[in-house]
Amino acid sequence: MLYDDYNREERALCSHLFRLLHEKLVTDCYNSPLSRVLQFLPIQGSQFSYHGVKIFAEVALIRDAYFARKPNVREFMDKVVDRIASQEGITEYRRYSELPSPLNDPDETHPKKIGYKSKKLSVGLTKAELAIYGCLQGMFNAKPDLAITIDNKLIVYEAKFTAPFNAAQLDRTKKIADVWANELFEDLGFDEKPQVVVSTIGAKASKPEPDLDWETVFEIQKNFYPTNDRTYIAFESASRLLQSPK
């Protein structure tokens, strides 16, 4: 299939990686693809007991948690706004519950439109508040590529195929993971705040160099799939594409 030879979407590769990471988790987790991928985390000396392993793809946890709590979202949103304010070093602001209506009415205003709607309705938000709710909008729009819960760790991955990594995107991912760990750890099955690890997956030649490269993923999956398997074919084609002249 020719499409495999020119598909440049990391989303497609992450779908195959999601499948790969589930192999052997029940029968032999210590020799699973997941165990091999975890060796490339940007932390040293971690030993895993494989307690509470869950793998998520294109994770929109803040958005999903918001809709799960509707219509009683104010307490949750106040916590998220407080966390963002702390991340941005802002001390003077109104929490979500303190905003004028309809900005804090979930039936009237989606959280990612608070800044836009405040201007449209001439509802005065301070510069600091616009910064906070601008960050909130970004968090509602963003979907980190993969997330893994294991033991006391929350591992969040950003993946690129042929594109370079974006420092601003990685910074936003770290802040999103911080919100998950502090305000939504129970939703993820943790008893207490987990350690957050943000990691990258990309081409070996990417700048900056990723923690885990697709070429290594291709070598890992060779041990689990035959050559006529769709995941094998997709990774082989991706590896060949990465080696071809730009």
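Our subject is the structure that appears above.
Parameters at a glance
- Residues numbered from 1 in each chain as written.
- Predicted model: local features only at pLDDT ≥ 70, side-chain atom pairs only at ≥ 80, totals over all residues.
- Heavy atoms only, no water.
- Helix = DSSP H or I, 4+ residues; strand = E, 2+ residues; numbered from the N terminus.
- Buried < 20%, exposed > 50% of the residue type's maximum accessible area, 1.4 Å probe, protein only.
- Contact = heavy atoms within 4.5 Å.
- Areas by Shrake-Rupley, 256 points an atom, 1.4 Å probe, with all protein chains shown as cover.
- Pairing = 2+ DSSP bridges.
- Axes fitted to C-alpha atoms, helices over the stretch in contact; angles between N-to-C directions.
- Left-handed = near helix turned anticlockwise from the far one by under 90°.
- Nonpolar A, V, L, I, M, F, W, Y, C, P; charged D, E, K, R; others polar.
- Polar contact = N/O pair within 3.5 Å; in protein donor to acceptor, adjacent residues only side chain to side chain.
- Phe/Tyr/Trp six-rings, centres within 6.5 Å; stacked < 30°, edge-to-face > 60°.
- Lys NZ or Arg CZ within 6 Å of the ring centre and 35° of its normal.
- Salt bridge = Lys/Arg side-chain N within 4 Å of Asp/Glu carboxyl O.
- Core = buried A, V, L, I, M, F, W, Y, C linked by side-chain atoms within 4.5 Å.
- Expected span 1.5 Å × (residues − 1).
- Arc of directions from axis to C-beta.

(A) Here's a closer look at the overall build of the protein chain. When its secondary structure is counted, the protein chain shows 10 helices and 5 strands. Taking the principal axes of the C-alpha coordinates as reference, the protein chain spans close to 60 × 40 × 30 Å. A burial count over the protein chain gives 48% of its 246 residues as buried. Counted over contacts in the protein chain with a minimum sequence separation of 6, partners at least 24 positions apart contribute 66%. Carbon and sulfur atoms provide 47% of the accessible area of the protein chain, an area that totals close to 12700 Å².

(B) Geometry of the sheet that holds strand β5 (residues 212–213). Reading across from one edge, β1-β2-β3-β4-β5 is the order of the 5 strands in this open sheet, with mixed pairing throughout. Edge positions in the open sheet fall to β1 (54–57) and β5, since each of these has one partner strand only. In the sheet, strand β4 (residues 195–202) pairs with β5 via 2 bridges, with the strands oriented parallel. Pairing of Gly202 across the sheet is with Asp213, part of β5.

(C) The arrangement of the packing of helix α9 (residues 214–221) against helix α10 (residues 230–243) in detail. For the pair α9 and α10, interaxial distance at closest approach is 9 Å and the crossing angle is 145°. In the packing of α9 onto α10, the handedness of the crossing is left-handed. The segment α9 lies against α10, with Trp214, Glu215, Val217, Phe218 and Gln221 engaging Thr231, Tyr232, Phe235, Glu236, Ser239 and Leu242. Partitioning the contact of α9 with α10 into residue classes produces 6 nonpolar, 3 polar and 2 charged.

(D) How the structure looks around the environment of Tyr225. Within the secondary structure, Tyr225 sits in the loop between α9 and α10. Once the C-alpha coordinates of Tyr225 and Leu20 are considered, the two residues, 205 residues apart in sequence, prove to be 9.0 Å apart. The residues contacting Tyr225, other than those within four sequence positions of it, are Arg19, Leu20, Glu23, Thr231 and Tyr232. Here the side chain of Tyr225 touches Glu23 through a polar contact of 2.7 Å, side chain to side chain.

(E) View of the packing of aromatic side chains. Tallied over the entire structure, the rule returns 6 aromatic pairs. Lying across the ring of Phe76, Arg69 places its NZ or CZ 4.8 Å from the centre.

(F) The pattern of salt bridges, seen in detail. With the rule as written, the count across this model stands at 15 salt bridges. Taking the shortest distance from any N to any O, the salt bridge between Glu219 and Lys222 comes out at 3.2 Å. When salt bridges that share partners are traced, they join Arg11, Glu58 and Lys143 into one network.

(G) Region of the structure containing the nonpolar core. Ranked by internal contacts, the top residues of the largest apolar core, which has 38 residues, are Ile62, Tyr96 and Trp180. For this core, the element with the highest residue contribution is helix α5 (residues 74–88), accounting for 6 residues. Tyr96 has contacts with Tyr66, Val73, Arg74, Met77, Asp78, Val81, Leu103, Asn104, Asp105, Pro106, Ile114 and Tyr133, leaving out every residue within four places of it along the chain. With 35 residues, the next largest nonpolar core counts Leu17, Val197, Val217 and Phe235 among its residues.

(H) Main features of helix α7 (residues 127–141). Here α7 contains 15 residues, and its C-alpha end-to-end distance of 21 Å stays within 8% of the 21 Å for a straight helix at 1.5 Å per residue. Turning to α7, its buried residues number three or more, namely Glu129, Ile132, Tyr133, Leu136, Gly138, Met139 and Phe140.

(I) Up close: helix α4 (residues 61–69). Where α4 is concerned, the buried positions are Leu61, Ile62, Ala65 and Tyr66. Within α4, the buried residues cover an arc of 135° as seen down the axis, which keeps them to one side. Among the structural elements, α5, α7 and α8 (167–183) are those in contact with the buried residues of α4.

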